[in-house]
Amino acid sequence: MNLFEAIIIAIVEGLTEYLPVSSTGHMIIAQSLLGVESTDFVKAFTVIIQFGAILSVIVLYWKRFFQTVDFYLKLFVAFIPAAIIGFLASDYIDAMLESVLVVAIMLVIGGVLMLFVDQWFNKPEENQEMNWKRALKIGFFQCIAMIPGVSRSMATIVGGMTTKLSRKNAAEFSFFLAVPTMAAASGYKVLKLVLEPGGVQLLTDNLIVLLVGNLVAFVVAMLAIKFFIGFLTKYGFKAFGYYRIIVGIVLLVLLSFGVNLSII
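Residues numbered from 1 in each chain as written. Predicted model: local features only at pLDDT ≥ 70, side-chain atom pairs only at ≥ 80, totals over all residues. Heavy atoms only, no water.

Participant: Please clarify how the overall build of the chain should be interpreted in this entry.
Facilitator: Of the regular secondary structure elements, the chain holds 14 helices and zero strands. Along the chain, helices and strands appear, N-terminal first, in the series α-α-α-α-α-α-α-α-α-α-α-α-α-α. In terms of C-alpha radius of gyration, the chain reaches 18 Å, essentially the compact-globule figure of 18 Å for 264 residues. In terms of overall dimensions, the chain has C-alpha extents of about 55 × 45 × 35 Å along its principal axes. Out of the 264 residues belonging to the chain, those deemed buried represent 53%. (Helix = DSSP H or I, 4+ residues; strand = E, 2+ residues; numbered from the N terminus. Rg over C-alpha atoms; globule rule 2.2 N^0.38 Å. Buried < 20%, exposed > 50% of the residue type's maximum accessible area, 1.4 Å probe, protein only.)

Participant: Please explain unusual backbone geometry as it appears in this structure.
Facilitator: Among all residues except glycine, the phi angle is most often negative; among peptide bonds, the trans geometry is most common. A positive phi angle, near 80 degrees, is found at serine 22, a position not held by glycine. Locating serine 22 in the fold gives a position in the loop between α1 (3-16) and α2 (23-34). When its relative accessible area of 2% is taken as the criterion, serine 22 is described as buried.

Participant: Would you take a moment to explain helix α6 (residues 69-88) for this structure?
Facilitator: Three- or four-residue spacings in an α-helix give side chains the same orientation, since the helix completes a turn every 3.6 residues. Between its first and last C-alpha atoms α6 spans 28 Å; for 20 residues at 1.5 Å apiece the expected length is 28 Å, and the two agree. Its axis deflected by about 35 degrees at phenylalanine 79, α6 carries its strongest bend there, up to four residues before the proline proline 81. Inspection of α6 places Phe71, Lys74, Leu75, Val77, Ala78, Phe79, Pro81, Ala82 and Gly86 among the buried residues, and these make up the whole buried set. (Expected span 1.5 Å × (residues − 1). Bend = angle between axes of the 7 residues up to and from the residue.)

Participant: Got a minute to help me understand the nonpolar core in this structure?
Facilitator: Here is a general trend for soluble globular proteins: nonpolar side chains tend to be buried in one another's company. Residues Tyr18, Val57, Ile157, Phe173, Phe175 and Phe228 are the most contacted members of the largest nonpolar core, which totals 43 residues. Elements with a minimum of two residues in this core: α4 (50-60), α6, α8 (100-121), α9 (132-144), α10 (152-162), α11 (167-195) and α13 (207-235). Tallying contributions element by element places α11 first for this core, with nine residues. By size, the runner-up hydrophobic cluster in this structure holds 17 residues, among which are Ala10, Val12, Ala30 and Leu193. (Core = buried A, V, L, I, M, F, W, Y, C linked by side-chain atoms within 4.5 Å.)

Participant: In this structure, what is going on with the environment of alanine 171? I would like to understand it.
Facilitator: Along the polypeptide, alanine 171 turns up in helix α11. Distance from alanine 171 to glycine 159, taken between C-alpha atoms, is 10.0 Å for residues twelve residues apart in sequence. Here alanine 171 is in contact with Ile157, Phe228, Ile229 and Leu232, once residues within four sequence places are set aside. (Contact = heavy atoms within 4.5 Å.)

Participant: Would you mind showing me how to read the pattern of salt bridges here?
Facilitator: A side chain of one charge can pair with a side chain of the opposite charge if their charged atoms are brought near each other. On inspection of all chains with the given rule, the structure shows five salt bridges. Its salt-bridge partner being aspartate 70, residue lysine 74 comes within 2.8 Å of it at the nearest N-O pair. Within this pair, lysine 74 and its partner aspartate 70 are both found in helix α6, separated by four residues, close to a single helical turn. For glutamate 125, the salt bridge is made with arginine 134, and the minimal N-O distance between the two is 2.8 Å. Among the ionic contacts, a cluster of salt bridges with common partners joins Arg64, Lys168 and Glu172. (Salt bridge = Lys/Arg side-chain N within 4 Å of Asp/Glu carboxyl O.)

Participant: Please explain a nonpolar patch on the surface as it appears in this structure.
Facilitator: Together, Tyr242, Ile246, Ile249, Val250, Val253, Leu254, Phe257 and Val259 make up a nonpolar patch on the protein surface, roughly 750 Å² of accessible area in all. Here valine 253 is to be found in helix α14 (residues 238-256). Look at valine 253 and you get partly exposed, because its relative accessible area is 38%. (Patch = residues over 30% accessible without salt bridge, like charges linked within 9 Å, V, L, I, M, F, W, Y side chains within 5 Å. Areas by Shrake-Rupley, 256 points an atom, 1.4 Å probe, with all protein chains shown as cover.)

Structural data, given as structure tokens:
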């Protein structure tokens, strides 16, 4: 993977990380279209550049992110389910990261569900305080997003709405939850790579690519978050649902005609 390819993938990450369209799925698609081989470093890169997207949340919401211990404990409770399942199923998740077919199917399924999300769950109650029950339920919803193409943002926002949070509050908690979740994923991926033979050298040799990727993801993610909150509050999920369905169907058609979208 060269610097140009890294920048393109980082732009895709920044644009889609906080939108309910699956950043992982879109990075897999971008990787496939660019013809980037799915090496150990490339897999690590797509996770490590999430750190840049994490910083965008902290910078944009720093006054609200640095809160009480109770707030961090609830974030931790929401984070636990994904941490456990992610650790236990790491190899299976990595295997799914190589499948464009899985991404295409989940984009379509998720898109269809998103057409009805507002109708089913947009019924916020007066009490919008984040409590332990809400935090844990959102945490379990986040686990669904380990399947490429689902979207962590979609899963956690919908999870929040099922507890009668407003779309805006559910989205903002989803952003906050992304910080420990993606920090842990990035840290674990770095540690795993470092412990492998030649891993440290691999990271050192590609340090510029990693730094540029994180910087690009940071800037683009800040712009995407500002857009998303305003759009979601005003229009809801349907537009994202249609987009997912269209992209998923296009991928399925290409695959059915034998177009090589493999990244293995």
